[in-house]
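Per-entry structural report
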Amino acid sequence: MKNLGDLVKNNLAVGFMLFALFLGAGNIIFPPLLGQQAGENIVPAMIGFLITGVGLPLLGIVAVAKNGGDLQEVASRIHPWFGVIFTSVVYLSIGPLFAIPRTGAVTYEIGIAPYLSDAQADSWVPLFISSFIYFAISLYLALNPTKLVDRIGKILTPALLIVILLLALKSVITPLGALQEAHGDYMTKAFSKGFVEGYLTMDVLASLVFGIVVVQSIQAKGIIDRTKQVTITIFAGIIAAIGLAFVYVSLSWIGASSPSAIGYFNEGGSVISAASKALYGSGGSIILSLVIILACITTSVGLITANATYFAKIFPKASYKLLVVIFTVFSFFISNFGLAKLIAITLPVLLFIYPIAIVLMFMVMFDKAWNRAPIVYSLALIATAFVSLYDGIQGAGFEIKWYANIVSSLPLHSQSLGWLLPAIVGLVIGWGIHLITKSAKHAK
């Protein structure tokens, strides 16, 4: 019984660690806005969101951990250059291009903007000063890695969960208001809209990187058997998934029930900040702001450190400290676009990258069936990229008529899954070529 208890305790520790890795403060801002906009259609919208925001990241962790945990090594099965390029794109996406600047923008939207006058909020100066101070602190901590951030993270994750739990309970016991009519795409295609909104969490991309962290954590406990590692990883992934699902469902409900009390907002940070004030007064809003600001800093430092460490291996002549400075300064400038513009810029890129990551993830799970033949990976991913590239171009506001005619005719395109059938067809053709080539070799 003692051994069983220790096993469960250790597995829970890995699960909570993984949950803390996923729960970036940026994730807090999307469910409340989804809830406000989905209104009466909150259930199908949240189902779509949970698939891409929780289910697929869980599969991503398992897929990468099952194959040793190293994303670059896994992606290199297609081609060594693809391994480097794809892994670099993933790191940059959850790093200085999008996720790190977003932590600075969220800090401003939740911690600073609610306390400014209209005239001050319209000025670029508060955001500039706020992000300058924020990234100066991030830079200092990333250049001087200690256990401080880790210790703060262990305190902040439970604190953030408690704050969300208190908000959720209050919103259920004394609702802010009734559910309102759905807005925009949530009126007619709530599921697919929620599915795509889940991309913005970037958790599928993060899961491909976190796999190595989980594997290393398990190995540090002396567990070297691959089967046991995968079993523990699945258990840890389920714990993290349950935690994320609780957070997302709670926050989306708060957003969905809030319009009649606080009105509508264009950003999720403003929604949760105004809702917390309506539920618990100014004190609730201030506590939420402080916890999220500190959580943002720990997330920022972790991502800066991870990116600098990875790219220092790719570019040995660039020192870790130089890369930390470069990534931090770059993130500072990007964050000054503001949260709304940053999300608008992010979505087209994610519309292109996400389907590729999803298909790669599923193929990694079952690639022993085709002996990891590069041709199978290549054709499936090229077919996926053909469709997802169009989705990205369209998401950026551009239209190419001939391209649109082809892609819009694909099954499930209206559900944002137009890439699914081409991916399957590419996989089948690649598999067929592999079998024919294999047979020809044996015949010789």
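Read on for an overview of the structure. (Residues numbered from 1 in each chain as written. Predicted model: local features only at pLDDT ≥ 70, side-chain atom pairs only at ≥ 80, totals over all residues. Heavy atoms only, no water.)

**Concerning the overall build of the chain**
Looking only at helices and strands, the chain has 19 helices and 0 strands in total. Rg of the C-alpha trace for the chain: 22 Å, near the compact-globule value of 22 Å for 444 residues, within the 12% margin. If one aligns the C-alpha atoms of the chain with their principal axes, the spans along those axes are about 80 × 55 × 50 Å. Considering the chain as a whole, with its 444 residues, one finds that 51% of them fall into the buried category. (Helix = DSSP H or I, 4+ residues; strand = E, 2+ residues; numbered from the N terminus. Rg over C-alpha atoms; globule rule 2.2 N^0.38 Å. Buried < 20%, exposed > 50% of the residue type's maximum accessible area, 1.4 Å probe, protein only.)

**Quick notes on a nonpolar patch on the surface**
The grouping of I375, L412, L420, L421, I424, V425, V428, I429 and I433 at the surface amounts to a nonpolar patch, some 700 Å² of accessible area in total. By residue number, the principal contributor to the nonpolar patch is helix α19 (residues 420-443), which donates 7 residues. For L421, the location among the structural elements is in helix α19. Relative accessible area serves as the criterion here: at 40%, L421 is assigned to the partly exposed category. (Patch = residues over 30% accessible without salt bridge, like charges linked within 9 Å, V, L, I, M, F, W, Y side chains within 5 Å. Areas by Shrake-Rupley, 256 points an atom, 1.4 Å probe, with all protein chains shown as cover. Salt bridge = Lys/Arg side-chain N within 4 Å of Asp/Glu carboxyl O.)

**Description of the packing of helix α3 (residues 42-66) against helix α10 (residues 190-197)**
Where α3 contacts α10, the two axes come as close as 6 Å, and the packing angle between them is 30°. When you trace α3 past α10, the crossing you get is right-handed. Residues P44, A45, I47, G48, F49, I51 and T52 of α3 form the contact with α10, whose participating residues are A190, F191, G194, F195 and E197. In terms of residue class, the contact of α3 with α10 is made up of 8 nonpolar, 3 polar and 1 charged. (Axes fitted to C-alpha atoms, helices over the stretch in contact; angles between N-to-C directions. Left-handed = near helix turned anticlockwise from the far one by under 90°. Contact = heavy atoms within 4.5 Å. Nonpolar A, V, L, I, M, F, W, Y, C, P; charged D, E, K, R; others polar.)

**So, the pattern of salt bridges**
Applying the stated rule across the entire model yields 3 salt bridges. Across the salt bridge formed by R77 and D367, the nearest N and O atoms sit 2.5 Å from each other. Taken as a pair, R77 in the loop between α4 (71-75) and α5 (80-93) and D367 in the loop between α16 (339-366) and α17 (374-395) lie far apart in primary sequence, 290 residues in all. Residue R77 shares its accessibility class with D367, and that shared class is buried. Note that E197 is salt-bridged to K193, the shortest N-O span being 3.4 Å. Linking E197 with K193, this pair stays in helix α10, spanning 4 residues, or about one helical turn.

**Quick look at the environment of L179**
Secondary-structure assignment places L179 in the loop between α9 (148-173) and α10. Overall, the relative accessible area of 30% leaves L179 in the partly exposed class. Sequence separation between L179 and N41 is 138 residues, and the spatial gap between their C-alpha atoms is 9.0 Å. If near-sequence neighbours (up to four positions away) are discounted, L179 is found in contact with G39, E40, I42, W253, A256 and S257.

**Quick notes on helix α11 (residues 203-220)**
An ideal rise of 1.5 Å per residue puts 26 Å on 18 residues; α11 measures up with 24 Å between its terminal C-alpha atoms. Along α11, the sharpest kink reaches roughly 40°, centred on V209. Among the 18 residues of α11, 13 are classified as buried, and the element is accordingly described as predominantly covered. With its phi angle positive at about 90°, G222 sits one or two positions after the end of α11. (Expected span 1.5 Å × (residues − 1). Bend = angle between axes of the 7 residues up to and from the residue.)

**Observations concerning the packing of aromatic side chains**
With the rule as written, the count across this model stands at 20 aromatic pairs. Taking 5.0 Å as the distance between ring centres and 45° as the angle between the ring planes, the aromatic pair formed by F386 and Y403 counts as tilted. With F386 in helix α17 and Y403 in helix α18 (residues 401-408), this residue pair connects regions lying 17 residues apart in the sequence. Each member of the aromatic cluster is reached from another via a ring pair, and the members are Y91, Y310, F311, F315 and F327. In this arrangement the basic side chain of K170 is found over the ring face of Y280, its NZ or CZ atom lying 5.7 Å from the centre. (Phe/Tyr/Trp six-rings, centres within 6.5 Å; stacked < 30°, edge-to-face > 60°. Lys NZ or Arg CZ within 6 Å of the ring centre and 35° of its normal.)

**Let's talk about the side chain of S331**
Within the fold, S331 resides in helix α15 (residues 320-335). Residue classification places S331 among the buried residues on the basis of a relative accessible area of 0%. A polar contact of 2.7 Å, which involves the side chain of S331, links it to the backbone oxygen of F327. Those residues within four positions of S331 in sequence are excluded, and the remaining contacts are P96, I100, P101 and F135. (Polar contact = N/O pair within 3.5 Å; in protein donor to acceptor, adjacent residues only side chain to side chain.)

**Some details on α5**
Along its 14 residues, α5 runs 20 Å from first to last C-alpha, staying within 8% of the 20 Å computed at 1.5 Å per residue. Packed against the buried residues of α5 are α4, α6 (99-112), α11, α14 (268-314) and α16.

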